[in-house]
Amino acid sequence: CSSSGAETTCERIEPNACPNLVSGENIITSCGIERTVRIRLPQSHSQQGRYKTVLLFHGINADQVDDIEEDTAMNRLVDPFDFILISPYSRRLAIEWDQGRPGDNPDVALVDDLLTCAQQTLGADPERLYLAGDSGGGMFTTFLVSQFAETVAAAAINSGGIIFDMP
């Protein structure tokens, strides 16, 4: 991953090389960058299960993941609705997430790696993957829908949009 402005291509984590993801704060190295992600598992979680999985993206704010989980109540819905919640922390770019043009970048690689590793280590059901975000995270969710349209079952976008011309 370079910052030269040229096309960025990030290698992806192979399923057999996924870190052991657990409930709580996790570190995952994606595109050569250490990233922090919070994972919430339902109390009924079993690695043999198949779970709905929500990736939740925060907007521009100081408390990043704490605020978006509380504002959406997702942190309180994991058990009643029996799903996995994955809330990555951004790299604190101008609008938090890399979404200026279609194609690969470190944040797209992170999402791809999180989906691969959640399926491999947590029992995420590949047919029930959902995205949600607010503000800058809503914009990133819109961006990701354009990148992962065939992978994502649905998305919930609050105060989103897109900042590049759609092809």
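What you are looking at is a predicted structure, and each value in this text was computed from that prediction instead of being measured. (Residues numbered from 1 in each chain as written. Predicted model: local features only at pLDDT ≥ 70, side-chain atom pairs only at ≥ 80, totals over all residues. Heavy atoms only, no water.)

Caption draft 1: Fine view of the pattern of salt bridges. The final tally for this structure, using the stated rule, is eleven salt bridges. Two residues, Asp 107 and Arg 35, come together in a salt bridge whose shortest N-O distance is 2.9 Å. A residue pair is termed long-range when its members are at least 10 positions apart, and Asp 107 in helix H3 (residues 106–121) and Arg 35 in strand S2 (residues 33–40) qualify at 72 residues. Of the two residues examined, Asp 107 and Arg 35, each falls in the buried class. In this structure, Glu 69 engages Arg 38 in a salt bridge whose closest nitrogen and oxygen atoms are separated by 3.2 Å. With Glu 69 in helix H1 (residues 64–72) and Arg 38 in strand S2, this residue pair connects regions lying 31 residues apart in the sequence. The class of Glu 69 is buried, set by a relative accessible area of 1%. Owing to a relative accessible area of 11%, Arg 38 belongs among the buried residues under this scheme. Bridged by salt links that share partners, the residues Glu 25, Arg 38, Arg 40, Asp 66 and Glu 69 form one connected network. (Salt bridge = Lys/Arg side-chain N within 4 Å of Asp/Glu carboxyl O. Helix = DSSP H or I, 4+ residues; strand = E, 2+ residues; numbered from the N terminus. Buried < 20%, exposed > 50% of the residue type's maximum accessible area, 1.4 Å probe, protein only.)

Caption draft 2: Representation of the confidence of the model for the protein chain. Per-residue confidence for the protein chain averages 92 on the pLDDT scale, and 93% of its residues sit at or above 70. Every residue in residues 1–6 scores below 50 in pLDDT, and together they form six contacts with partners more than four places removed in sequence or on other chains. (pLDDT = per-residue confidence, 0-100. Contact = heavy atoms within 4.5 Å.)

Caption draft 3: Region of the structure containing the pairing of strand S5 (residues 124–134). Sheet analysis places strand S3 (residues 51–57) next to S5, joined by six bridges and oriented parallel. Opposite Thr 53, over in S5, you have Leu 129 as the bridge partner. In this fold, the crossover linking S5 to strand S6 (residues 154–158) by way of helix H4 (residues 136–147) has right-handed handedness. (Pairing = 2+ DSSP bridges. Right-handed = clockwise from strand over helix to strand, strands pointing away.)

Caption draft 4: Region of the structure containing the state of the cysteines. For the coordinates displayed, the defined rule picks out two disulfides. Residue pairing for Cys 10: its cysteine sulfur links by disulfide to Cys 31, the two sulfurs lying 2.0 Å apart. Its torsion about the S-S bond being -55°, the disulfide of Cys 10 and Cys 31 is classed as left-handed. Here Cys 31 lies in the loop between strand S1 (24–30) and S2 and Cys 10 lies in the segment before S1, a separation of 21 residues in the sequence. Residue classification places Cys 10 among the buried residues on the basis of a relative accessible area of 5%. The side chain of Cys 18 participates in a disulfide bridge whose partner is Cys 117; the two sulfur atoms lie 2.2 Å from each other. (Disulfide = S-S within 2.5 Å.)

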